[in-house]
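An overview of the molecular structure
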Amino acid sequence: MRCRRGRIQERNKVEINLRSPVPKYYQLKEIIRDMIEKDELEAGQGIPPERELCERYGVSRMTARQAVMELVNEGLLYRVQGLGTFVAEEKVRQGTGRLTSFTQDMRDRGMEASSKIVGMKEDEAGPVVARMLRVDPGERIIRVRRVRNADGKPMALETSHLLYGVAKGILGVDLSGRSLYEELGKAGVRAAAAEQSYEAVLVNEAESEHLGVPIASPALLIERVTFDEAEKPFEYVKSVYRGDRYRVTTRLSS
Ligand code: GLP
């Protein structure tokens, strides 16, 4: 595959203002956003590599990386491993967010995902889980609890409840270096849509141990119900993300 790469247009030079109180990464991010909005960088086109951004705007690698990473998180750009970073289609850009797995989310943020498995077992759905999965209480499910690491350090504690019929293939699979969604994908189950909520919480004792933060540290509770291609819910997940490590950015438009 050949990639079209965007060039920085020298004629419309916009510089980083070193004396501005606005952080440099933020200024660079807005410059790239502007290039996309003015179609100097088009959908599907690769953005200039980090090295070129550093040279052109006189910023450090870390600054360039942060600017690009935030635009990836906002859905304006997306990464393809080994190929580079590209401008997303308008439709994707203006959506409320891309449905990603933890593994993909971390990859987009430039980090590597791994997991420590706390538990994986067959169980029966209690009333809440049953309601979320739209099944009767007592239905067979699989409960998986994982500490999700990013670059080897705890990022979130995640408890997934999966319909047994859909997920039985994962029983016995070592998920510590694997993506649940990729494993389910092998069985033909694709996460096609999800409803997700966010809530500020303080970590309890068990969470504090798993996440390596003091009790009552701020955290973000993310709850997700995931639907397959037939719009049937197959997963209900509660994830507690460390407040000092995780941030959610969304792009809103009027
Ligand atoms: C996110 C979602 C979970 C989902 C998980 C899968 O964290 N909130 O609902 O189970 O991704 O991640 P992975 O495929 O990396 O195991």
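Analysis parameters
- Residues numbered from 1 in each chain as written.
- Predicted model: local features only at pLDDT ≥ 70, side-chain atom pairs only at ≥ 80, totals over all residues.
- Heavy atoms only, no water.
- Axes fitted to C-alpha atoms, helices over the stretch in contact; angles between N-to-C directions.
- Helix = DSSP H or I, 4+ residues; strand = E, 2+ residues; numbered from the N terminus.
- Left-handed = near helix turned anticlockwise from the far one by under 90°.
- Contact = heavy atoms within 4.5 Å.
- Pairing = 2+ DSSP bridges.

Contact geometry of helix H2 (residues 50-57) with helix H3 (residues 61-73) gives a least axis separation of 9 Å together with a crossing angle of 115°. Crossing of H2 over H3 shows right-handed handedness. Seen from H2, the contacting residues are Glu50, Arg51, Leu53 and Cys54; seen from H3, they are Arg61, Ala64, Arg65 and Val68.

One open sheet accounts for six strands, arranged E3-E4-E5-E8-E7-E6; its pairing is antiparallel. Two strands in the sheet have a free side with no partner beyond their single neighbour: strand E3 (113-124) and strand E6 (193-202). Adjacent strand axes in the sheet meet at a mean angle of 15° when their direction is disregarded. Of the pairings in the sheet, the one linking E6 to strand E7 (residues 218-227) comprises ten bridges and is antiparallel in character. Note on E7: the bridge partner recorded for Glu199 is Leu221.

Attention now goes to the pairing of strand E2 (residues 84-87). Sheet topology places strand E1 (residues 77-80) next to E2; four bridges connect them, and they run antiparallel. In the sheet register, Arg79 faces E2, and the bridge partner there is Thr85. Hairpin connection of E1 to E2: three residues between the antiparallel strands, including Gly82 at a positive phi of 85°.

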